[in-house]
Amino acid sequence: MGTLKDRLNDDLHTAMKSRDDLITSTLRMVLSAVRTAEVAGKQARELSDAEVLAVLAKETKKRREAATAFADAGRAEQAAKETAEGEILDRYLPKQLTDAEIADVVTQALAAGGFSGKGQMGPAMKAAQAAAAGRADGGRVAAEVRRQLA
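Residues numbered from 1 in each chain as written. Predicted model: local features only at pLDDT ≥ 70, side-chain atom pairs only at ≥ 80, totals over all residues. Heavy atoms only, no water.

- Identification of the chain as GatB/YqeY domain-containing protein from Actinoplanes derwentensis is taken from an unreviewed UniProt entry.

Right, dumping it as structure tokens:
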């Protein structure tokens, strides 16, 4: 199938041919973010699929936060647009873990690292985030780590 970036480009071309403005603008936006990440730093480089997924997750989170902000400000039309863009980007992300699955992942990560007590929150978070690996929002993982270390 090729890389995730290739899939995004192919889907962009398909959306352009079918004149789907929302998908076209959303994929252009995310590909622009990927290109920006590729040229960031001292030397331009090609991003791996994992790095492209990280950019996608970041852009999806931005859409969620913007939709909430617009909804709170009474701007339903903009909130709906941001929500729709987030749903388009969600198609490219791995399936998100449920709360029960997050609890299991965190329990296993804490047991594997031997973490106990709030004093070890930093290293425990690092281990739990690595175990969740983009399949769960960082805030949800952090809340579960805090709960289990308390």
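### A word on the environment of Gly122
Part 1 of the argument: Inspection of the secondary structure puts Gly122 in helix 6 (residues 121–132).
Part 2 of the argument: Sequence separation between Gly122 and Val145 is 23 residues, and the spatial gap between their C-alpha atoms is 9.9 Å. (Helix = DSSP H or I, 4+ residues; strand = E, 2+ residues; numbered from the N terminus.)

### Here's the deal with the side chain of Glu85
Part 1 of the argument: Residue position: Glu85 is located in helix 4 (residues 76–90).
Part 2 of the argument: At a separation of 2.9 Å, a polar atom in the side chain of Glu85 contacts the side chain of Arg63.
Part 3 of the argument: Glu85 has contacts with Leu22, Ser25, Thr26 and Arg63, leaving out every residue within four places of it along the chain. (Polar contact = N/O pair within 3.5 Å; in protein donor to acceptor, adjacent residues only side chain to side chain. Contact = heavy atoms within 4.5 Å.)

### As for the side chain of Glu144
Part 1 of the argument: With respect to the helices, strands and loops of the structure, Glu144 is situated in helix 7 (residues 138–149).
Part 2 of the argument: Owing to a relative accessible area of 11%, Glu144 belongs among the buried residues under this scheme.
Part 3 of the argument: What Glu144 contacts, discounting residues up to four positions off in sequence, is Ile102, Ala103 and Val106. (Buried < 20%, exposed > 50% of the residue type's maximum accessible area, 1.4 Å probe, protein only.)

### Quick look at the packing of helix 6 against helix 7
Part 1 of the argument: Close contact between helix 6 and helix 7 brings their axes to 10 Å; oriented N to C, the two are set at 130°. Considered as vectors, helix 6 and helix 7 are oriented oblique to each other. Pair helix 6 / helix 7 crosses with right-handed handedness. Residues Met121, Ala124, Met125, Ala128, Gln129 and Ala132 of helix 6 lie in contact with helix 7, whose contacting residues are Gly138, Val141, Ala142, Val145, Arg146 and Leu149.
Part 2 of the argument: Its residues placed into classes, the contact of helix 6 with helix 7 shows nine nonpolar, two polar and one charged. (Axes fitted to C-alpha atoms, helices over the stretch in contact; angles between N-to-C directions. Parallel < 35°, antiparallel > 145°, perpendicular 65-115°, else oblique. Left-handed = near helix turned anticlockwise from the far one by under 90°. Nonpolar A, V, L, I, M, F, W, Y, C, P; charged D, E, K, R; others polar.)

### A look at the packing of helix 5 (residues 99–113) against helix 7
Part 1 of the argument: Where helix 5 contacts helix 7, the axes come no closer than 10 Å and their chain directions differ by 55°. Judged by the inter-axis angle, helix 5 sits oblique to helix 7. Relative to helix 7, helix 5 is oriented so that their crossing is right-handed. The residues of helix 7 that touch helix 5, namely those facing Asp99, Ile102, Ala103, Val106, Thr107 and Leu110, are Arg140, Val141, Glu144, Val145, Gln148 and Leu149.

### Comments concerning the nonpolar core
Part 1 of the argument: Formed by 18 residues in total, the largest nonpolar core has its most connected members in Leu8, Leu27, Val30, Val52, Leu56 and Tyr92.
Part 2 of the argument: Broken down by element, this core gets its largest block of residues, six residues, from helix 2 (residues 21–39).
Part 3 of the argument: In this structure Val30 touches Leu8, Leu56, Glu59 and Leu89, once residues within four positions along its chain are discounted.
Part 4 of the argument: Ala109, Met125, Ala128 and Leu149 belong to the second largest nonpolar core, which has 17 residues in total. (Core = buried A, V, L, I, M, F, W, Y, C linked by side-chain atoms within 4.5 Å.)

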